[in-house]
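Breakdown of the fold
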Amino acid sequence: MKPVTIADALALPKLYEIPRDIADEVEFYGPYLKQAYLQAWVNFQYNSYYVANVCTSLVKHLILSSGVGKRSLEPVQWLGRHASWATIQIPTRLHTIIISLYLIFNFIVIWTPYKALYPSLYWQELGYPLQQYSRFFADRTGIMSFGSTPLVVILAGRNSPISFLTGASFSTLQIYHRWVARVTFAQALFHALAWTLDEYYSSSFTGTENVNALAAAFSEPYWNWGCVAVGGGALLVAASSRRLREVAYEIFLIGHIVGAILWWLYASFALWGFDRVARLCRLLWLNLPSFRSTPFNSTSSSKNLAAEGYLVGTGDFLRLRVTMARGFPASLGGPGQYVFISSPKHKIWESHPFTITWPTEMPAPSANTAASTPSVDDESKQPHLDAADSFDSADVASDRTFELVLKSYAGFTRKLAKLIGKAGATTTEDGLVQPVSRFRLLVEGPYGSSVNLHHGFESILLVAGGSGISATISHLADFAKRATSLSAKRIVVVWAVRSLDVLLPYLLRLQSLLPSGADPLVNLHVYYTGNSHLVSSILSNDDKASDVSDSSSRAAIHALFKPVKSTLATITSHEGRPAVGDHIEALQPYTSGKIAVNVCGPTSLCDSARLAVRDRLGGEGFDAETLVYGEESFTW
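Below, the structure is looked at part by part. (Residues numbered from 1 in each chain as written. Predicted model: local features only at pLDDT ≥ 70, side-chain atom pairs only at ≥ 80, totals over all residues. Heavy atoms only, no water.)

Considering the pattern of salt bridges
What counts here: Every case where a carboxyl oxygen of Asp or Glu lies within 4 Å of a side-chain nitrogen of Lys or Arg is listed as a salt bridge. Runs of E in the DSSP output that reach at least two residues are strands. Runs of H or I that reach at least four are helices, and both are numbered from the N terminus. Note on classification: 1.4 Å probe, protein chains only; a residue is buried when its accessible area is under 20% of the maximum for its type, exposed when over 50%, partly exposed between these limits.
In the structure shown here, the tally under the stated rule is 11 salt bridges. Here R319 and E403 are joined by a salt bridge, their closest N and O atoms 3.2 Å apart. Of this pair, R319 sits in strand β4 (residues 317-323) while E403 sits in strand β7 (residues 401-407), and the two are 84 residues apart along the sequence. Summarising the burial analysis for this pair, R319 and E403 share the class buried. One salt bridge in this structure joins E403 and R321, with 3.3 Å as the shortest N-O distance. Of this pair, E403 sits in strand β7 while R321 is found in strand β4, placing the two residues 82 residues apart along the sequence.

This is the structure:
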C-alpha cells in the first residue's frame, strides 16, 4: 500500500521522513493546500525510498552475495577438506552470472545444430554423418579457441586496457582470466580430439589403415605445431593451480612463460608485448636515475641505493623505506594502491605486490614521538639504540619516499629477509637489536584504485587481519594528511592478529598519525586469535602485577600500546575472532549519515566482513547509500 497520509510518511525510515522545515512551511497553509503539498512530498519520499530499496537489493543479492554458499575470496576445497590441492574460488553472484552467461554462449555457439550432406563432394573422405559432425565440431572449437586467446592475454595484464576503461581491479580481471582461459583450453582440447578422430576414421575412405593414416598425419607441420600448442595449454592449466602458486611461485611463473611460448599466436603476443613494454616503461621511469645517485643521506660508502630497511624483532617482519627516482603522479599512490617490488640480487624477472603502508609526503613519526624515544645522549647507551629509532630519525616527508611492511614468508620475502639480515643482529640487555641495511630495489606501479574515505562518511570502520593493517595505516595516514577536510566524526579500527609480533612494525606509525593539537578520533580494537601462553614473555613484572585480572594476551597488548595511548581515543583488547557486524551496529547511534566499512586481510576475514555488511543491508537504517562496503584484497 502506498503512503498517502502524514502518518504513512512518518512510518517511513528515518532517512525519508518529513523534515521539520517542510512541516513548518505548510503549518499556515489552508487545509486543502496543506493536504496536497504533503501528499506530493509523501509521493516523492515514497518513490525515493522505493528506488533506494531496489538499489539495496541489487547490492545485497548481486554484489555482496557469493555465487554459491558464503565464501567468495576464501578457496573452496571441492574434493573435500583434506584435498588442499583441489580448490576453486567462487566469485560473487554478479560475476557468477556473467561467467555463466559466457559459458552458455560458448555452449550454444559450439553445439548449434550442424547440417550434414550426403553425398558430400567437398568432403568425400568423411563418412556420413558422424565424421562430418566431428569435423564441423573440430572447426568450430578451433576457431573459438583461436579467437578467445587474445582475451585471455588482455585480462591477465597489469596494464590491461579493460582495467583502464572499466575501473575493474586486477583481482576482478583475474577471475575472468581464469574462466576464459579454462574454456579456451577446453575448446582447443576438443578441437584436437575431434580432428584426431576425423583423421583416424577418414582413412577407411582412402583405402589406408587407420593407424597408418594417423601416423602419417604427424609428418605434417600444422599437425605437429597443433600438438605443441595443446601441450602448452595443458602446461598453462597445470601450472595455474592455486596451491602451486602459493607454495612454488617460481614453478607457476616458469610454467606460464613456457606454456605461453608454445601456445603462440601473433595477436596474443602483441598484446602480451604491449603489457610488458608498459611495465618496463613504468619501471624505468621510477627507477632508472636512482642507479646514478644516492637517495639517502647516509654515511655508508655504498652508492646507488634504492631502499633501506631492517628486520623487526626476530625477523618475521621487514620494514622497508623505498626512495624512487621520481615521485608518483598526483592522482596515484593513495590508500588502497600497491606496488610491485623486485630485487636485482634475486631473480630480477620476479616481482611481487605489496600494499603501500606509509604513503609519500608524510613526516617521520619521530616528529611526534620525541618524548617517547629513548635518550641516546649517553654514549654508553649508543649500542643499545633500537633499529626503529635510527630508521625513523631521517626526514622522509618526500614525494619520492614511501614505506612497506612485509611478512617474511617463503620465496622472495625470505630471500629479502636474509639480505637485510646479513649485517647480523646483536643481543643486548634490552633484547635483540637489528641493524638497518641499505640495498637496491626496483619499484613498479602503483596499481589499483585509490580509495578515498576522508570525504562523505561520518563514521568509518576499518577492519584488518594481520599484516593487512598496512592498508589501514595508509588510510589513517591519508586522514592525518587531510585533517582539515576530514568529514568523519568517528573512526573505528578492528585489528585481528594471530601473533603479537605483527603489532611491532606499526606502533611507531600509529604514533605519528595524530596532527598537532587535534583530538584523537581512532578507536582501536585488537583481537588476539593466537595462543595466550605464548605472550607472557612480553610482559614486564609491573605489567603482570597490574593486569592480573586480564589474560596474558590482553595484558601484553595494553603493554605494547602504552606509548601510543595518547594518540588513540580508546584501546580495547579482545580474545577470539572479531564480530564485524557488532561493530557496524555500534556505529549506528553515532551516525546520521554514511558509514564506510573497509576490510583488508586474510580471505576468511574479508568474507566474514562482506557477509556482515550484506546481512545488515535492508535492515533498520541501513541501505546501499548509508552503508558502503569496500574490500582491499589481492587475489590471483
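Now that the structure is up, let's keep going.
Considerations on the sheet that holds strand β10 (residues 437-439)
Note the threshold: Pairing between strands is defined by DSSP: at least two bridges between them are needed. Comment: axis = line fitted to C-alpha atoms, over the contacting stretch for helices; angle = value between 0 and 180 degrees taken between N-to-C directions.
Taken together, the 4 strands give an open sheet; going across it, the order is β7-β4-β3-β10, and neighbouring strands pair in antiparallel fashion. The open sheet terminates on both sides in strands that have one partner only, identified here as β7 and β10. Taken over all neighbouring pairs, the strand axes of this sheet differ in orientation by 25° on average, direction set aside. Note that β4 and β7 share 7 bridges and pair antiparallel. For R319, the partnering residue across the bridge sits in β7 and is V405.

Structural notes on empty space enclosed by the protein
Convention followed: The pocket and cavity definitions rest on a 1 Å grid over protein atoms only: a 1.4 Å probe that fits but cannot leave marks a cavity, an open set with protein on both sides within 12 Å along at least five of seven lines marks a pocket, and residues lining either have an atom within 4 Å of a point. Grid points are joined across faces, edges and corners, and a volume is the space filled by probe spheres set on the points.
The tally for this structure, following the rule as stated, stands at 2 cavities of 30 Å³ or more. In this structure, the largest cavity occupies an estimated 40 Å³ of space. When residues of the lining of the largest cavity are traced back to their parent elements, those giving at least two are α16 (469-481), β13 (490-497) and β14 (522-528). Here the lining of the largest cavity gets 3 residues from one element, more than from any other, and that element is α16.

Brief notes about the state of the cysteines
Defined as follows: Only a pair of cysteine sulfur atoms within 2.5 Å counts as a disulfide in this structure description.
In this structure the tally under the stated criterion is 0 disulfides. This cysteine, C600, is not joined by any disulfide, and C606 carries the nearest cysteine sulfur, 6.5 Å off.

Some thoughts on the sheet that holds strand β11 (residues 442-447)
Taken together, the 3 strands give an open sheet; going across it, the order is β6-β5-β11, and neighbouring strands pair in antiparallel fashion. What marks the edges here is a single partner per strand, and that holds for β6 (352-355) and β11. Each strand of the sheet is rotated relative to its neighbour by a mean of 30°, with strand direction disregarded. Bridge analysis of strand β5 (residues 338-342) against β11 gives 4 bridges, and the strand direction is antiparallel. Residue pairing for β11: I341 is matched across the bridge by V443.

As for the packing of aromatic side chains
Rules: Only the six-membered ring of Trp is used, alongside the rings of Phe and Tyr, when aromatic pairs are assigned; centres must lie within 6.5 Å, and planes under 30 degrees apart are stacked while those over 60 apart are edge-to-face, with the rest tilted.
In total, this model carries 15 aromatic pairs according to the counting rule given. With a centroid separation of 5.8 Å and 75° between ring planes, the pair formed by F218 and W223 is classed as edge-to-face. Given the relative accessible area of 8%, W223 is considered buried. One aromatic cluster is present, formed by F107, W111, F137 and F190 through successive ring pairs.

Some words on a nonpolar patch on the surface
Counted only if it meets this: In this analysis, a patch consists of residues with relative accessible area above 30% that form no salt bridge, clustered at 9 Å for like charges and at 5 Å for the nonpolar side chains Val, Leu, Ile, Met, Phe, Trp and Tyr. Surface accessibility follows the Shrake-Rupley procedure with a 1.4 Å probe radius. Residue values consider only the protein chains on display as shielding.
Together, L235, I254, I257, V258, I261, L262, W264, Y266, F269 and W272 give the surface a local cluster of nonpolar side chains, amounting to about 980 Å² of exposed area. Listing elements by their share of the nonpolar patch, those giving two or more residues are α12 (249-262) and α13 (266-287). Among the elements that take part in the nonpolar patch, α12 stands out by supplying 5 residues, more than any other. Its place among the elements puts I254 in helix α12. Exposure remark for I254: the relative accessible area of 52% places this residue in the exposed category.

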